[in-house]
Amino acid sequence: MKEFKLKENEIKELTTVKGGCIASDRITVDGQKVGYMYRETDSGWRFFSGDENDEYTNNPDNFNMLQLNTICNYDADIIPYLEKAVGTKLARDVNGTFIEE
């Protein structure tokens, strides 16, 4: 059983943007910030810390399906980008700013 960094009672309403997403355990379990994110479908955001290797990403047990609001509680910096178009890819630079790829 996974031990998530945030407990259910710690999740607050931070965004009205609805939809699901997939997030790496590096964020939800280990507490890392989102370092890379991309939008695959209408609400299909994928969130990574950015340090996951191929072996890690090839294991589906290292990921969780969440509501967008939940992942926003792990890293609120992503909120301004949630309504970007399908196909958007963003990576955090050395200054902590998301840059579109």
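Structure first, text after, so check above.
Residues numbered from 1 in each chain as written. Predicted model: local features only at pLDDT ≥ 70, side-chain atom pairs only at ≥ 80, totals over all residues. Heavy atoms only, no water.

Novice: What am I meant to see in the sheet that holds strand β2 (residues 36-39) here?
Specialist: In sheet architecture, strand pairing relies on hydrogen bonds along the backbone and comes in two forms, parallel and antiparallel. With mixed pairing, the 6 strands of this open sheet are ordered in space as β4-β1-β3-β2-β5-β6. At either margin of the open sheet sits one strand with a lone partner, and together these are β4 (63-67) and β6 (98-100). Across the sheet, the mean angle separating the axes of adjacent strands is 20 degrees when strand polarity is ignored. Sheet topology note: the strand β1 (residues 20-24)/strand β3 (residues 45-48) ladder contains 3 bridges and is parallel. Paired with I22 across the two strands is R46, which belongs to β3. (Pairing = 2+ DSSP bridges. Helix = DSSP H or I, 4+ residues; strand = E, 2+ residues; numbered from the N terminus. Axes fitted to C-alpha atoms, helices over the stretch in contact; angles between N-to-C directions.)

Novice: Just checking my understanding: could you explain the pattern of salt bridges for this structure?
Specialist: A side chain of one charge can pair with a side chain of the opposite charge when the charged atoms of the two come close. Under the definition given, this model contains 11 salt bridges. K33 is the salt-bridge partner of D75, the closest N and O atoms lying 3.6 Å from each other. Of the two residues, D75 is situated in the loop between α3 (68-74) and β5 (89-92) and K33 in the loop between α1 (25-28) and β2; the sequence distance between them amounts to 42 residues. According to the relative accessible area criterion, K33 is partly exposed, its value standing at 46%. By sharing partners, the salt bridges in this structure join K33, D75, D77 and R92 into a single network. (Salt bridge = Lys/Arg side-chain N within 4 Å of Asp/Glu carboxyl O. Buried < 20%, exposed > 50% of the residue type's maximum accessible area, 1.4 Å probe, protein only.)

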